[in-house]
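Residue-level structure breakdown
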Amino acid sequence: MTAPEEQEPESAQLVRPYVITNGRGRLDNDQFNLITLVTASDQVRPGHLDPEKRRLLDLCAGGYLSVAEIAGHMGLPIGIVKILLSDLSADGYLLTRAPAPPAQLVDVSLLQEVLDGLQARFG
Amino acid sequence: MGSRPVSDDDVYLADEVQIAAKILVVGHFAVGKTTFIGTMSEIPPLRTEERMTQAGAHVDDLMGTRGKTTTTVAMDFGRLTLSERLVLYLFGTPGQERFVQVWEDMTRGALGALILVDPERLKESFPVIDLVEQYGLPYAISVNHFDGTPVRPDRELREALDLLPETPIVTCDARDEKSSANALMALVRYLQERSR
C-alpha cells in the first residue's frame, strides 16, 4: 500500500513533458535504455529546433553521457528523454553506443573486467 | 540558462569508453541505497524520476485521466569508470512491485543486484528480494553494519531471508568506500561463478 504522503495530485508539472513530446507518452522501441551512451553528432542543427531538443543537444555536445545521466541533468523523466533522443537520433543529430548485453549473454571477460576495475580502484 | 553543467570536465565520460554495464542497488526505504551510491560514485549522484499512475499503469495512460493520483518513482544512480573502455552504473530504487515499467527498465541489461538489508528490519526486505527473484536477476545480500551493532551469524540471516546456500552475504558500511567496494566485488565474483 502507498501512504498518502507518497502520492501527489496531478499537477501542472505533469502537463509540461507531454507538451514537449507532442503528447506522446512512451516509446515502444528499445533503441535507448538507461545506460545507452549518447553524444551529439557533427550534423548542423536547423534553426527552428524545439527548446528542449536544443537543450538536450547542448548537453550532449560535451561528450558521451548515459540516457539516465541526460535525464538527471535535464530534470526530465526518463520516458520523455527517450522520446526526445529517439527523434533527434532519427534526424541524425546523435551518436550512440549500445550497452553491454543482458545478463544471460554476459561473457566472463566482462565480469572479469568489472572486477579488475573495482580492485584497481578500491582494492 | 539550460542545464548543461558548466566547467566540469568530470561530467562526461572519457571518449574511449565503449561499454556501459549496470548493477542495481536495491533495498527497502531508508536502508542506505543513496548513501551506498554516493560513496561509490565518481560523479555527484543523480536522480531521475518517472511519474506513474497508481497500480503501475504506463505513463501514456495519464492522458485523459484527470483527477487520478500519480506517484513519483525516483531512481538514484551513480557512475564508476572502471577501465579505459568500461563504465559501470549503479542504480538504486526501492522495491515497489507496482511500478512494472520502471523495474523492466532497471533490470534490462543489469549484471546483477546488490540487495541492502538492515538486520534489524529483515521483514522489510522480503518484498524486495521477491521482486529481484521475479525478474531473474542474480543477487548478493549486503548487510548494513554500523559501529556497535551486533553482527548476526550468516546462517541465521540465510534462514530468515530464505536464501540459497550459494547466495553471498557480506556485511557492509555504506558510508565506507572500501567496505562498499568489497560488497560489489563479492557480487561480481558470484556472477562470475554462475557464468562459468
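Residues numbered from 1 in each chain as written. Chains lettered and ligands numbered in written order. Predicted model: local features only at pLDDT ≥ 70, side-chain atom pairs only at ≥ 80, totals over all residues.

**Structural notes on the overall build of chain A**
So the rule is basically this: Segments assigned H or I by DSSP are reported as helices when at least four residues long, segments assigned E as strands when at least two residues long, and all are numbered from the N terminus. Think of it as a crowd count around each C-beta: if 20 or more other C-beta atoms lie within 10 Å the residue is buried, if 12 or fewer it is exposed, and in between it is partly exposed, with C-beta placed from the backbone throughout. By the convention adopted here, residues are in contact when the distance between their C-beta atoms, placed from the backbone, does not exceed 7 Å.
Within chain A, the secondary structure is distributed over five helices and four strands. When the elements of chain A are put in sequence order from the N terminus, they spell out β-α-β-α-β-α-α-β-α. Within chain A, the fraction of its 123 residues that count as buried is 37%. When contacts within chain A are restricted to residue pairs at least 6 apart in sequence, long-range pairs at least 24 apart make up 71% of them.

**Concerning unusual backbone geometry**
Residue and element names in this part refer to chain B. At Ala30, a residue that is not glycine, the phi angle is positive and equals roughly 65°. Relative to the helices and strands, Ala30 is located in the loop between strand E1 (19-26) and helix H1 (33-40). Taking the C-beta count within 10 Å as the criterion, Ala30 has 12 such neighbours and is therefore assigned exposed. Phi angles above zero are rare outside glycine, and Asp162 is one such case at about 55°. Considering the arrangement of structural elements, one finds Asp162 in the loop between helix H4 (154-161) and strand E7 (169-172). With 10 C-beta atoms packed within 10 Å, Asp162 lands in the exposed category.

**Describing helix H2 (residues 51-60) of chain A**
Residue and element names in this part refer to chain A. Applicable threshold: When we speak of the arc, we mean the arc of directions from the helix axis to the C-beta atoms.
Those residues of H2 not exposed but buried are Leu56, Leu57, Leu59 and Cys60. Within H2, the buried residues cover an arc of 160° as seen down the axis, which keeps them to one side. Against strand E2 (37-40), strand E3 (65-66), helix H3 (67-74), helix H4 (78-90) and strand E4 (94-97) lie the buried residues of H2.

**Comments concerning the packing of H3 of chain A against H4 of chain A**
Residues and elements named next belong to chain A. The criterion, for reference: Axis definition: a line fit to C-alpha positions, over the contact stretch in the case of helices; interaxial angles, taken between N-to-C directions, run 0 to 180 degrees. The labels follow the angle: roughly parallel below 35 degrees, roughly antiparallel above 145, roughly perpendicular from 65 to 115, and oblique for the rest. Two helices that cross are described as forming a left-handed crossing if the nearer one is turned anticlockwise from the farther one by less than a right angle, and a right-handed crossing if clockwise. Under the grouping applied here, Gly and all other residues not named as nonpolar or charged are polar, the nonpolar ones being Ala, Val, Leu, Ile, Met, Phe, Trp, Tyr, Cys and Pro and the charged ones Asp, Glu, Lys and Arg.
Here H3 crosses H4 at 110°, and the two axes come no closer than 9 Å. The angle between the axes of H3 and H4 places the two elements in the roughly perpendicular class. Between H3 and H4 the crossing geometry is right-handed. When H3 is examined against H4, the residues Val67, Ala68, Ile70, Ala71 and Met74 are found in contact with a partner set consisting of Ile78, Val81, Lys82 and Leu85. For the contact of H3 with H4, the class distribution of residues is eight nonpolar, no polar and one charged.

**Re the confidence of the model for chain A**
All names here are of chain A. Defined as follows: Per-residue confidence from the predictor is given as pLDDT, running between 0 and 100.
The predicted model of chain A averages 81 in pLDDT, with 69% of residues at 70 or higher. Confidence, expressed as mean pLDDT per element, reaches its minimum in chain A at strand E1 (residues 7-8) with 43 and its maximum at E2 with 97. Within the model, the stretch residues 1-14 combines pLDDT values under 50 with 14 contacts to residues more than four positions away or in other chains.

**Here's the deal with helix H3 (residues 126-134) of chain B**
For the α-helix, the turn length of 3.6 residues means that residues three or four positions removed from each other point alike. Residues and elements named next belong to chain B. Taken as a whole, H3 has its buried residues at Val128, Ile129 and Val132. Axial view of H3: buried residues confined to an arc of 95°, hence all on one face. Buried residues along H3 sit against E1, strand E5 (110-117), strand E6 (139-144) and H4.

**Quick word on the nonpolar core**
Inside soluble globular proteins, nonpolar side chains tend to come together where they are buried. Defined as follows: Only buried Ala, Val, Leu, Ile, Met, Phe, Trp, Tyr and Cys residues enter a nonpolar core, and they are joined through C-beta atoms within 7 Å.
Of all hydrophobic cores here, the largest spans 76 residues; its most connected members are Val67 of chain A together with Ile23, Val25, Leu88, Leu90, Leu114 and Ile115 of chain B. Apart from the residues within four sequence positions on either side, Leu90 of chain B is in contact with Ile23, Val25, Ile37, Met40, Ser41, Phe77, Gly78 and Leu80 of chain B.

**Some points on the environment of Phe126 of chain B**
With respect to the secondary-structure elements, Phe126 of chain B resides in helix H3. As a C-alpha pair, Phe126 of chain B and Thr48 of chain B span 78 residues in sequence and 25 Å in three-dimensional space.

**Describing the packing of H2 of chain A against H3 of chain A**
Residues and elements named next belong to chain A. Between H2 and H3, the shortest axis-to-axis distance is 11 Å and the interhelical angle comes to 120°. Classed by the angle they form, the pair H2 and H3 counts as oblique. Remark: the crossing between H2 and H3 carries right-handed chirality. Of the residues in H3, those in contact with Arg55, Leu56, Leu59 and Cys60 of H2 are Ile70, His73 and Met74.

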